[in-house]
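Working through the structure, step by step
Now for the letters of each chain:
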Amino acid sequence: MALIDEGETDWKMLAIDVTDPLASQLSDVDDITKHMPGFIAATYEWFKIYKIPSGKAANEFAFNGEPKNSAFAVEVIKQTHEQWQKLVSKLTDNGGSACENVGVAGSPYLISTDEAQDIVDKTPALGETQPIPSEVDQWHYISLPKNS
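Basis of the calculations
- Residues numbered from 1 in each chain as written.
- Predicted model: local features only at pLDDT ≥ 70, side-chain atom pairs only at ≥ 80, totals over all residues.
- Heavy atoms only, no water.
- Helix = DSSP H or I, 4+ residues; strand = E, 2+ residues; numbered from the N terminus.
- Rg over C-alpha atoms; globule rule 2.2 N^0.38 Å.
- Salt bridge = Lys/Arg side-chain N within 4 Å of Asp/Glu carboxyl O.
- Buried < 20%, exposed > 50% of the residue type's maximum accessible area, 1.4 Å probe, protein only.
- Contact = heavy atoms within 4.5 Å.
- Pairing = 2+ DSSP bridges.

Within the chain one finds four helices and three strands. In sequence order, the secondary structure elements of the chain are arranged as β-β-α-α-β-α-α. In terms of overall dimensions, the chain is more spread out than a globule: its C-alpha atoms have a radius of gyration of 21 Å, far above the 15 Å expected for 148 residues. Projected onto the principal axes, the alpha-carbon positions of the chain cover approximately 55 × 45 × 35 Å.

Laid out in structure tokens, this is it:
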């Protein structure tokens, strides 16, 4: 599903754990509709409205909120992986993101585990635990009109 979040596509992949009892029956979107009626509509609605309680507008979707099939999803994953490879290979601007890593062979950002530990050690100590605000436990009842 292609959620549009602050003007950018935020892909939501529908996936299932291979150990789930339904896993052998679900390999594409049509299978979800067949074996789990209402699941896609409920998922769409949740992603559409989940930011409303914090005062934000309902989320928008590309493709009229329709989930794409598994072949399309695999292409999105491949494209995203290629973008990540360019990022950790320093073939694209990192936009200020820290790309240091200890496990990507050939990455110009590759650092030793000792260097990584030094970064962790220099991280400011955690502050005192703060009480959880009561509004965290506030319930909100929101639903979309039937024609959304």
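Having seen it, we continue.
With that settled, consider the pattern of salt bridges. Going through the model one piece at a time under the given rule, you end up with four salt bridges. Between Lys51 and Asp5 there is a salt bridge whose closest N-O contact spans 3.0 Å. Taken together, the residues span a long stretch of sequence, with Lys51 in the loop between α2 (39-49) and β3 (60-61) and Asp5 in strand β1 (residues 2-5) at a distance of 46 residues. On the basis of relative accessibility, which here comes to 21%, the residue Asp5 falls in the partly exposed class. The residue Lys122 makes a salt bridge to Asp118 at a minimum N-O spacing of 3.1 Å.

Within the secondary structure, Ser107 sits in the loop between α3 (70-88) and α4 (113-121). Those residues in contact with Ser107, other than ones at most four positions away along the chain, are Val88 and Asn101.

What follows concerns the sheet that holds β1. With antiparallel pairing, three strands are arranged side by side in an open sheet as β2-β1-β3. In the strand order of this sheet, the two ends are held by β2 (8-11) and β3, each with one partner. Alignment of β1 against β3, held across two bridges, turns out to be antiparallel. Bridge assignment links Leu3 to a residue of β3, and that residue is Phe61.

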